[in-house]
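Residues per chain are reported as follows:
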Amino acid sequence: MDEKYEPQQVDAEAGRNGKDKKKKKKKSWDYDKEISRLQVELAHLQAWIKKSGARVVIVFEGRDAAGKGGMIKRIMEKVSPRVFRVIALPAPTDREKSQIYMQRYIGYLPAAGEIVIFDRSWYNRAGVDRVMGFCSEKKAQRFLELAPRFEAAIVESGIILLKYFLTVSEDEQDRRFKRRIDDPLRQWKLSPMDVESYQRWWDYTRAYDEMLRMTDSNHAPWWIVPSDDKKHARVNCISHILQSIPYERVKFAAPDLGKRQKRPSDFVEDSSIRHVVPDTTS
């Protein structure tokens, strides 16, 4: 396994006499190269998951605008959605509201040979539901008591469970929200709930602090991902995922493509009209 990337410090000197000596600076690193390397490892992980029949659940929680979507996008970019499945559930229906709370999520847990990524999860109950009053305080407290037991049952069944909480500072969240307002490509990311989370920073802080304290366990610990720098957060978190799953590289059995069949002597090109997308590049 490759080790987690850590920036290094180097000295830069301009002259022998030291008069033009520069301050120490971080060694430059190539983010695209690091992400590409990790995505290759994710492909190896995928092959092992399929062969071994392993089951993995990865939970991503965190502050709004902390970069969960970008993190998941980089994980999913080069892998098969048949092996890596992303679950991002909408608000519960009236029927789901009448069910046992955890019931909604059980059906999405992985079968053999699958990795399920929850883009927010059952922890909605301890975050947005609690802060916004979508559930009672009594139900929120009961959830915090039961969640470690629920996760213990998941782990005892043989599923690998990883939980990540992405943090972002007030100043950086403020900058990202304002960028969403000004950028048409990001405006869809700014929901009414995001505005509420912005205004209720300290209500969410209290809720998240208690959530992390009460649901951190030996069998399912929380891993905090500082995310003011999105690129470092992605490299660090994906590296940690790879280091936390005991996978092995599976030798690829290259198929023999054989020979393509020859064109039949009686084949005639179809002459019917076809609608071809116009070439806009010339």
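These numbers come from a predicted model, not from an experiment.

The rules we used
- The residue numbers shown here count from 1 along each chain, following its written sequence.
- Thresholds applied to this predicted model are a pLDDT of at least 70 for local features of residues and 80 or more for the giving and counting of side-chain atom pairs; totals over whole chains, interfaces and linings are not thresholded and use all residues.
- With hydrogens and water set aside, each side-chain value is computed from the structure's full complement of heavy atoms.
- Only DSSP runs of H or I with at least four residues qualify as helices, and only runs of E with at least two residues qualify as strands; both kinds are numbered from the N terminus onward.
- Throughout, radius of gyration means the C-alpha value; the globule benchmark is 2.2 Å times the number of residues raised to the power 0.38.
- Burial status follows relative accessibility: with a 1.4 Å probe on protein chains alone, a residue under 20% of its type maximum counts as buried, one over 50% as exposed, and anything between as partly exposed.
- Residues count as neighbours in contact if any of their non-hydrogen atoms are within 4.5 Å of one another.
- We treat Lys and Arg as the positive residues and Asp and Glu as the negative residues; His and chain ends play no part in the count.
- A charged residue contributes its charge at one atom only: NZ of Lys, CZ of Arg, CG of Asp or CD of Glu.
- Note on patches: the residues involved have over 30% relative accessible area and no salt bridge, like charges join within 9 Å, and the nonpolar side chains Val, Leu, Ile, Met, Phe, Trp and Tyr join within 5 Å.
- Working definition of accessibility: Shrake-Rupley area with a 1.4 Å probe, residue cover restricted to the visible protein chains.
- A side-chain nitrogen of Lys or Arg and a carboxyl oxygen of Asp or Glu constitute a salt bridge if their distance falls within 4 Å.
- Side-chain rings of Phe, Tyr and Trp (the six-membered ring for Trp) are treated as a pair once their centres are within 6.5 Å; stacked means planes under 30 degrees apart, edge-to-face means over 60, and tilted covers the remaining angles.
- Over a ring means this: the NZ of a Lys or the CZ of an Arg is within 6 Å of the ring centre and within 35 degrees of the ring normal.
- Being paired, for any two strands, means DSSP has found at least two bridges between them.
- Note on definitions: angles span 0 to 180 degrees between N-to-C directions of axes, and those axes are lines fitted to C-alpha atoms, for helices only across the stretch in contact.
- These descriptions rest on fixed angle ranges, namely under 35 degrees for roughly parallel, over 145 for roughly antiparallel, 65 to 115 for roughly perpendicular, and the rest for oblique.
- Whether a crossing is left-handed or right-handed is set by the direction in which the near helix is turned from the far one by less than a right angle, anticlockwise for left-handed and clockwise for right-handed.
- Residues were grouped as follows: Ala, Val, Leu, Ile, Met, Phe, Trp, Tyr, Cys and Pro as nonpolar; Asp, Glu, Lys and Arg as charged; and all remaining residues, including Gly, as polar.

Student: Explain the overall build of the chain to me, please; I cannot follow it from the model alone.
Tutor: For the chain, the count of helices and strands is ten helices and seven strands. Expected size for 282 residues packed as a compact globule is a radius of gyration near 19 Å; at 24 Å, the chain overshoots this value by more than 25%. Its C-alpha atoms put the chain at 75 × 75 × 45 Å along the principal axes. Expressed as a percentage of its 282 residues, the buried residues of the chain come to 40%. In the chain, the proportion of contacts linking residues at least 24 apart, taken out of those at least 6 apart, comes to 76%. For the chain, the separation between the mean place of its 53 positive charges and that of its 42 negative charges on side chains is 2 Å.

Student: Whenever I open this one, a negative patch on the surface confuses me. Can you help?
Tutor: A cluster of like negative charges, contributed by E170, D171, D228 and D229, occupies part of the molecular surface. Relative to the helices and strands, D228 is located in the loop between β7 (222-226) and α10 (230-244).

Student: Sorry if this is basic, but what is going on with the packing of aromatic side chains here?
Tutor: Any two aromatic rings considered together are summarised by their centre-to-centre distance and by the angle between their planes. Applying the stated criterion to the full structure yields 15 aromatic pairs. Linked through ring pairs, Y101, Y105, F118, W122, Y123, F143, F150, F165, Y204, Y208 and W222 together constitute an aromatic cluster. For R63, the ring lying beneath its charged end belongs to W201, and the centroid distance is 3.7 Å. For R125, the ring lying beneath its charged end belongs to Y101, and the centroid distance is 4.0 Å.

Student: Hey, could you run me through a positive patch on the surface in this one?
Tutor: Among the surface-exposed residues, K73, R179, K189 and K230 lie close enough to one another that they form a single positively charged patch. Tracing the backbone through its elements, the reader meets K73 in helix α2 (residues 68-76).

Student: How should the sheet that holds strand β3 (residues 55-62) be read in this particular structure?
Tutor: Strand pairing in a sheet relies on backbone hydrogen bonds, with the paired strands running either antiparallel or parallel. Taken together, the five strands give an open sheet; going across it, the order is β4-β5-β3-β6-β7, and neighbouring strands pair in parallel fashion. At either end of the open sheet lies a strand with only one pairing partner, and these are β4 (84-87) and β7. With strand direction ignored, the average angle separating the axes of adjacent strands in the sheet is 20 degrees. In the sheet, strand β6 (residues 160-167) pairs with β7 via five bridges, with the strands oriented parallel. In the strand pairing of β7, L166 is matched with V225. In this fold α10 packs onto β3, β6 and β7, with an angle of close to 165 degrees to the strand it touches most, β6.

Student: Teacher, can you tell me more about the packing of α2 against α10 here?
Tutor: Two packed helices can be described by the angle between their axes and the distance between those axes. Contact geometry of α2 with α10 gives a least axis separation of 10 Å together with a crossing angle of 55 degrees. When the interaxial angle is binned, α2 and α10 end up oblique. Seen from above, α2 lies across α10 with right-handed handedness. The segment α2 lies against α10, with G70, M71, R74 and I75 engaging A233, R234, C237, I238 and I241. For the contact of α2 with α10, the per-class residue count stands at six nonpolar, one polar and two charged.

The quantities given are spatial measurements derived from coordinates; they are silent on function.
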